[in-house]
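# Structural features, examined
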Amino acid sequence: MADTSTVDLQPDKNRLTLCLGYLGLIPFLVPLIEMTDALASGVGVHGASIFGFYAPYVFIAYSAVILSFLSGTVWAYARSVDAVVSYGAILFSNLVALSAWLSMLLIYIAPIMTLFALCLLIAGYLGLLLIECLLEVPENAGYWHMRIQLTAVVALAHLAVILMMVAEL
């Protein structure tokens, strides 16, 4: 039996992180494609559904879950460093997680609040990316390349949903 205490598992972790990161885009893209198709076919965004659920709400719900997850990872990392910025990062990550939860509540108030929820979510993603940069998260260049790409795709997806919803107001 091989001694696993000397085996470097980091390359496997990096591959898993990259794979899960990019696969995590699928639940953003499926509702976006459904909304785009509904808009192009004349049904409109408000007629778009996934398994009977209103597609924009599916998008927002998944976004809120992922943003909360990212907030937790930033909080965990910020707790492990001694930088002065770590106190602000802990507070900010909690604020972002609470704003993600708030975005889930806002969608039930009025259609205009759904737009505000989307803006709140996109701000959270961009804010967490900035905080990670300030904390100098010690990951390899591949991680940062992935993180920037994923955040860009997610931000553009949010903007696309916002634009489609505004077009129908």
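Above this text is the structure in question.
Below, the structure is looked at part by part. (Residues numbered from 1 in each chain as written. Predicted model: local features only at pLDDT ≥ 70, side-chain atom pairs only at ≥ 80, totals over all residues. Heavy atoms only, no water.)

## A few points about the overall build of the protein chain
- Scanning the protein chain from terminus to terminus reveals six helices and two strands.
- Element order for the protein chain, N to C, with α for helix and β for strand: α-α-β-β-α-α-α-α.
- Viewed in the frame of its principal axes, the protein chain has a C-alpha envelope of about 60 × 40 × 25 Å.
- Across the 169 residues of the protein chain, 37% fall into the buried class.
- Here the contacts in the protein chain between residues at least 6 apart in sequence split such that 69% fall between residues at least 24 apart.
- Just so you have it, the protein chain exposes about 9800 Å², and 73% of that area is on carbon and sulfur atoms. (Helix = DSSP H or I, 4+ residues; strand = E, 2+ residues; numbered from the N terminus. Buried < 20%, exposed > 50% of the residue type's maximum accessible area, 1.4 Å probe, protein only. Contact = heavy atoms within 4.5 Å. Areas by Shrake-Rupley, 256 points an atom, 1.4 Å probe, with all protein chains shown as cover.)

## A look at the packing of aromatic side chains
- Inspection of the entire model under this criterion finds five aromatic pairs.
- Ring geometry for F28 versus Y125: centroids 6.3 Å apart, planes at 75°, classification edge-to-face. On the criterion of sequence distance, the pair formed by F28 in helix 2 (residues 26-40) and Y125 in helix 5 (residues 111-135) is long-range, its members being 97 residues apart. Each member of the pair, F28 together with Y125, is buried. (Phe/Tyr/Trp six-rings, centres within 6.5 Å; stacked < 30°, edge-to-face > 60°.)

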